Amino acid sequence: MNTKPRAAYVHIPFCTQICHYCDFSKVFIKNQPVDDYLRALLEEIRAYEPGPIDTLYIGGGTPSALSAAQLEFLLEGLASIFDISQVQEWTLEANPGDLSQDKIEVMANAGLNRISLGVQTFNDRELRQIGRMHQEKDIYENIDRLKAAGFHNISIDLIYALPNQTMEQVKTNVQKALALDIPHMSLYSLILENHTVFMNRMRRGQLNLPQEDLEVDMFHYIINSLKEAGYDHYEISNFCRPGYESRHNLMYWDNAEYYGLGAGASGYLNGVRYRNHGPIRHYLNAVEAGNARVYEEKLSLKEQMEEELFLGLRKRAGISIQRFEQKFQRSFEEVYGAIVAQMLEEGLLIREGDRLRTSQKGLFLGDTVAERFILE
Ligand code: SF4
């Protein structure tokens, strides 16, 4: 029997700027059919006839690029289609500088309870260099306003290993982040993606990125300072005060199913990973024709087991072997015994009772560890 997912990701693909490192599904908002898009989005969701949900995440793009009226239309629409009476976490991604008082009021009235703010760096020169519109002062102003409106579950994203960035600048960013007194932070190193301004500059030899050993030192510094300040490093890139793990993101790493809604969004339903049409016009036409999806893949048992491992091992809590065996009706020892034994010996994994987790060394290696779980 198929059960309905209790989590949903809603994609708002519009931005008021296009950042130099970004390869997400997004377009510049000016002259876009935003109202049509929001109507189509709600129509797509309605067709799923979703039940009660625990987590709802509105990401982008930049959801806060919507006007207060558009935001209100979206949030009221979502609340009327989903049963949000049991919602534990309802997040909206926002860019500093976008959050005017009227938008914050709309968000508070709708019942949102978590804000994820794309801070990236506190350094105005670095912000300009990566193509962001906001300035350091906007970060403080937005956070003050959010707190005054009763939002305390605030997360920020920070990027390190930016072009020309020094260790001193990373230290300053971390100190300023800690001074915000917020319960959650996500820290990512800059990744060069194809079809971005930064990738073009790199190819022309115009991008001076920190060497790999400096990047590793930066990551060590970040981990140690946040830990000292009482944050738990609960996933490769995520840190939180006790009890403030992102429930929605934990759902992904627990390999649970979820609705992926909107242009370019990916979802996981009934054992099928799917992706919606990305370009706005294609998406609008597809919703009108009754199927927003452009790609679907039914996962084999082998693929589901692989995903369970490489998503689960991103969390510091790791995976439960008992849960694996119940879910897949296979002996963990038979499937992964040999590779796990080898990785325990190499110091990449740690076994504690029912739980298998990644060591600090394994955590640094990230995807290299994950790849070892791909079955022949
Ligand atoms: S990083 Fe965010 S704000 Fe910048 S272009 Fe990408 S989606 Fe838009």
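Up top you'll find the structure we're talking about.
Residues numbered from 1 in each chain as written. Predicted model: local features only at pLDDT ≥ 70, side-chain atom pairs only at ≥ 80, totals over all residues. Heavy atoms only, no water.

Q: Before we go on, may I ask you to explain the pairing of strand E8 (residues 184-189) in this structure?
A: Every other side chain in a regular strand lies on the same face of the sheet, so the side chains alternate between the two faces. Of all six residues that make up E8, five are buried, and the element is covered over most of its length. Looking at chain direction, strand E7 (residues 154-160) and E8 are connected through six bridges and run parallel. Bridge pairing in E8 links Ile 159 to Tyr 188. Crossover E7 to E8 through helix H6 (residues 167-179) is right-handed. As paired strands, E8 and strand E10 (residues 238-240) are joined by three bridges and run antiparallel to one another. (Buried < 20%, exposed > 50% of the residue type's maximum accessible area, 1.4 Å probe, protein only. Helix = DSSP H or I, 4+ residues; strand = E, 2+ residues; numbered from the N terminus. Pairing = 2+ DSSP bridges. Right-handed = clockwise from strand over helix to strand, strands pointing away.)

Q: In this structure, what is going on with the packing of helix H2 (residues 68-81) against helix H3 (residues 101-110)? I would like to understand it.
A: Two measures define how a pair of helices packs: the angle their axes make with one another and the distance between the axes. At a minimum axis separation of 9 Å, H2 and H3 run at an interaxial angle of 10°. Relative to H3, H2 is oriented roughly parallel. Here Ala 68, Leu 71, Glu 72 and Leu 75 of H2 lie close against H3, whose contacting residues are Asp 102, Lys 103, Val 106, Met 107 and Ala 110. When the residues that make up the contact of H2 with H3 are grouped by side-chain class, the tally is six nonpolar, no polar and three charged. (Axes fitted to C-alpha atoms, helices over the stretch in contact; angles between N-to-C directions. Parallel < 35°, antiparallel > 145°, perpendicular 65-115°, else oblique. Contact = heavy atoms within 4.5 Å. Nonpolar A, V, L, I, M, F, W, Y, C, P; charged D, E, K, R; others polar.)

Q: Sorry if this is basic, but what is going on with the pattern of salt bridges here?
A: Between side chains of opposite charge, pairing is possible as soon as their charged atoms come close. On inspection of all chains with the given rule, the structure shows 17 salt bridges. Glu 141 is the salt-bridge partner of Arg 145, the closest N and O atoms lying 3.7 Å from each other. Residue Arg 145 and its partner Glu 141 are located together in helix H5 (residues 136-148), separated by four residues, close to a single helical turn. Close ionic contact of Glu 307 with Arg 273 constitutes a salt bridge, the shortest N to O distance being 2.5 Å. Placement of the pair is Glu 307 in helix H11 (residues 301-312) and Arg 273 in strand E13 (residues 272-276), with a sequence separation of 34 residues. (Salt bridge = Lys/Arg side-chain N within 4 Å of Asp/Glu carboxyl O.)

Q: Looking at this structure, I do not really get the pairing of strand E12 (residues 266-269). What am I missing?
A: As paired elements, E12 and E13 share four bridges and run antiparallel to each other. Paired with Leu 269 across the two strands is Val 272, which belongs to E13. Where E12 folds back onto E13 in an antiparallel hairpin, the turn is made up of two residues, including Asn 270, whose phi is positive at roughly 50°.

Q: Can you walk me through the packing of aromatic side chains in this structure?
A: Any two aromatic rings considered together are summarised by their centre-to-centre distance and by the angle between their planes. Scanning all chains against the criterion turns up 14 aromatic pairs. Taking 6.2 Å as the distance between ring centres and 65° as the angle between the ring planes, the aromatic pair formed by Tyr 234 and Trp 253 counts as edge-to-face. Here Trp 253 lies in helix H9 (residues 247-253) and Tyr 234 lies in strand E9 (residues 232-235), a separation of 19 residues in the sequence. Note on Tyr 252 and Tyr 258: the rings are 4.9 Å apart at their centroids and 75° apart in plane angle, and the pair reads as edge-to-face. Here Tyr 252 falls in the partly exposed class, since its relative accessible area comes to 22%. (Phe/Tyr/Trp six-rings, centres within 6.5 Å; stacked < 30°, edge-to-face > 60°.)

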